[in-house]
Amino acid sequence: MANDHLPLKATAKSEELMMLNIRCSMLDVRCWMFASCRMALLGLFITTLFTGCAPVLRDAGGVRIVGDIVAGDKERRITITTRDQQRILQIARNDPDAEVRAEAVRLVSAPADLVAIADTDPERKVRVVAASRLRDKNALLSVIAANTEPLARLAALEAIRDQPTLFNVAMANSDTMIRKAALERITRNDLLFSIAMTNSDSFVRISAASRITDQKRLVAIARTNSDPLVRRSAMRDIASQAVLTEIVTQDPDRDIRKTAAALITRADVLEQLAVGSPDPVIRYIAVRKVNNPILLQRIAVTDPDALIRKTVVEQIANEALLASIAEFDQDADVRAAAVKLLKGPPLAMALESDPSPVVRLAAIQNVTDAEVLKETVLTDADPEVRKVAATRINDRPLIAAVAQRDTDVNVRLAAIARLTDQAVLETIVRNDVRPEARATAAAKMVSQAKLKDVALFDSHRSVRQVAIEHITNQSILEELARSANPNVRLLTVAKLTNQQILNDIARNDPFPAVRKAALDLVDKPATIERIAREDSDPSVRKAAIRKLTDPEPLAAIAASDPDRNVSGEARARLQALQTKPASTKP
């Protein structure tokens, strides 16, 4: 019986073993799946890391574009995914997206294809990228010579290194900018010299001359070049004072001589030019740099050119010589320059005897003697000189006299500005024939009653206005607001504060402009509404409508006012109030 159970036990063990194998297999599957998931997650993480979670905007035909839909082109990343050169070239030539074409061009290597793209692509950036990819010299020169896009030419020029080729570009290219860009990369003095001497473009020649460091070649250009601008460019870097001296004394072109004179620093040469050059312009340039006092004093009295004498006078300090020049020099500007540096009696002499107002005006600026100032303000023939004297005297009776009696209004105004005597100011307001003098005096008056009289009776509006502006007494202002002169009423209304009087003027003044001016200051709604309904002048009614806030009277006016402009204003105001957001009440 025992043996009968052996196959059963073996079978059971086999089944257990099989189940164990199945469980192990399932475990292996789970482990594999877990490992696969981990790899997938890792790949997803890496992808996310490099794309920033950005969506794929395009992924076809060898082009992958990842970007932010909201940010648009600013966040796009373009990748050319194909390695097929024909496909890359097709993308570089034909893709509708310029950024994609540019990215593809970076993978193109055939010179002929790059030249074709640089010549024909409609987008500047693509053409520049294509030109910058070129390395073949002939292809580069083709782009530099004929491409219609200057930036593509410059990009191709960047790849050129040898000096003779750069020289050829600088000499022959059709674009001046390209020529200049080429010569700026040339360091050989012989090539730069040839450009400076023979290039057909003046701007290029000048630029070439400015880059030369060889002194012999610079001197040769300065002496022999046919273009004065090129010669001047070369001269600025010449170190030899002897050469500059030769040019300043012998060159036939004045501008060249001027440039040389400005570059000379040797004191002995400058002194020789200051006294010996036949050209006054060269002498003028030289004397401004001369520091020899004795020589300057000699030039101040001997040079035939007035501008040079004046320039020298401004540099000397010898008072005796200055006094002599102030008295005897034939030119008024030279005498004035000397007078400005003097003090004391020579100034009085100039004021008394010099025929030129320019000299006397220079003298009066420095005079401190009260008697001289007094004499000048009373007797000088020139109003400008008297005016300056009037600002410097301290004699109050004399100031008052000048303010009332001088024949020139500007002199009187200068004196009036210094007055404080109220009686004199009132006299001027009553008697001066010029309104600007009366207005200036009125502005300094303090008596409110006197100002009221000016506001009522002066013949000129500007004087009345100044008077009203200086009235602060409300009683007087209210009185003026009832005057018979509508201009006085109009000027006065703006200064009133009494609402009752303003309401009355806004309703009843016979002059529409006065009513409108008062209405601007009225704050009583009933008065404003009444004016908007009843005023006889449409412009006043419109002004009142603009101040209304109650829809009911606005609707009534819009429906009934006989003037189309007024009713239209009411409708517009009503509509504005209806569309205005309601204010929040606290």
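Below is a summary of the structure that appears in this document. (Residues numbered from 1 in each chain as written. Predicted model: local features only at pLDDT ≥ 70, side-chain atom pairs only at ≥ 80, totals over all residues. Heavy atoms only, no water.)

## Notes on the overall build of the protein chain
A count of helical and extended segments in the protein chain gives 39 helices and three strands. When burial is assessed residue by residue, the protein chain has 41% of its 586 residues classed as buried. Of the contacts formed within the protein chain by residues at least 6 apart in sequence, a portion of 39% connects residues at least 24 apart. When the accessible surface of the protein chain is totalled, it reaches about 32,200 Å², and 54% of it is carbon and sulfur. (Helix = DSSP H or I, 4+ residues; strand = E, 2+ residues; numbered from the N terminus. Buried < 20%, exposed > 50% of the residue type's maximum accessible area, 1.4 Å probe, protein only. Contact = heavy atoms within 4.5 Å. Areas by Shrake-Rupley, 256 points an atom, 1.4 Å probe, with all protein chains shown as cover.)

## Brief notes about the pairing of strand β1 (residues 56–60)
Bridge analysis of β1 against strand β2 (residues 63–66) gives four bridges, and the strand direction is antiparallel. Within β2, the position partnered with Ala 60 by the bridge is Val 63. Between β1 and β2, which pair antiparallel and follow one another directly, the connecting turn spans two residues, one of which, Gly 61, has a positive phi of 65°. (Pairing = 2+ DSSP bridges.)

## Details of the pattern of salt bridges
Taken as a whole and assessed by the stated rule, the structure comprises 35 salt bridges. Here the residues in one salt-bridge network are Arg 254, Arg 257 and Asp 279, joined through shared partners. (Salt bridge = Lys/Arg side-chain N within 4 Å of Asp/Glu carboxyl O.)

## Observations regarding the nonpolar core
Core analysis: the largest hydrophobic core is formed by 166 residues, its most contacted members being Ile 186 and Leu 419. Those residues in contact with Ile 186 that lie beyond four places of it in its chain are Gln 163, Leu 166, Phe 167, Ala 170, Leu 191, Leu 192, Ile 195 and Arg 211. (Core = buried A, V, L, I, M, F, W, Y, C linked by side-chain atoms within 4.5 Å.)

## Topic: the pairing of β2
Two elements, β2 and strand β3 (residues 77–80), share four bridges in a ladder whose sense is antiparallel. The residue bridging Arg 64 from the neighbouring strand is Thr 79, located in β3.

## Observations regarding the sheet that holds β1
Spatial ordering of the open sheet is given by β1-β2-β3, a layout of three strands whose pairing is antiparallel. The outermost strands of the open sheet, each flanked by one partner alone, are β1 and β3. Sheet twist, expressed as the mean angle between neighbouring strand axes with direction ignored, is 10°. Each of β1, β2 and β3 is contacted by helix α3 (residues 98–105), which is oriented at about 45° to β3, the strand it contacts most. (Axes fitted to C-alpha atoms, helices over the stretch in contact; angles between N-to-C directions.)

## Quick word on the side chain of Arg 438
On the secondary structure map, Arg 438 appears in helix α29 (residues 435–442). For Arg 438, the side chain forms a polar contact with the main-chain oxygen of Val 433, separated by 3.4 Å. Sequence-distant contacts of Arg 438, defined by excluding residues within four places in its chain, comprise Ile 428, Val 429, Asp 432, Val 433, Asp 458, Ser 459, His 460 and Val 463. (Polar contact = N/O pair within 3.5 Å; in protein donor to acceptor, adjacent residues only side chain to side chain.)

## Structural notes on the side chain of Asn 225
Turning to its location among the elements, Asn 225 is positioned in the loop between α12 (215–224) and α13 (228–235). With residues up to four places along the chain from it excluded, the contact list for Asn 225 reads Ala 196, Met 197, Ala 220, Val 230 and Arg 231.

## Structural notes on a negative patch on the surface
On the surface, Glu 352, Asp 369, Glu 371, Glu 375 and Asp 395 cluster together into a negatively charged patch. With respect to the helices and strands, Asp 369 occurs in the loop between α23 (357–364) and α24 (370–379). (Patch = residues over 30% accessible without salt bridge, like charges linked within 9 Å, V, L, I, M, F, W, Y side chains within 5 Å. Lys, Arg positive; Asp, Glu negative; His and termini not counted. Charge placed at Lys NZ, Arg CZ, Asp CG, Glu CD.)

## As for the environment of Ser 277
Positionally, Ser 277 belongs in the loop between α16 (267–276) and α17 (280–287). When the C-alpha positions of Ser 277 and Thr 249 are compared, they lie 7.6 Å apart, and in sequence the two are 28 residues distant. Contact partners of Ser 277, with chain neighbours within four places excluded, come to Gln 272, Ile 282 and Arg 283.

## Observations regarding the packing of helix α10 (residues 189–198) against helix α11 (residues 202–211)
Remark: α10 packs on α11, axes separated minimally by 8 Å, with the N-to-C direction vectors making an angle of 145°. You can see that α10 and α11 cross each other, and the crossing is left-handed. Mapping the contact onto sequence places Leu 192, Ile 195 and Ala 196 in α10 and Val 204, Arg 205, Ala 208, Ala 209 and Arg 211 in α11. Considered class by class, the residues forming the contact of α10 with α11 number six nonpolar, no polar and two charged. (Left-handed = near helix turned anticlockwise from the far one by under 90°. Nonpolar A, V, L, I, M, F, W, Y, C, P; charged D, E, K, R; others polar.)

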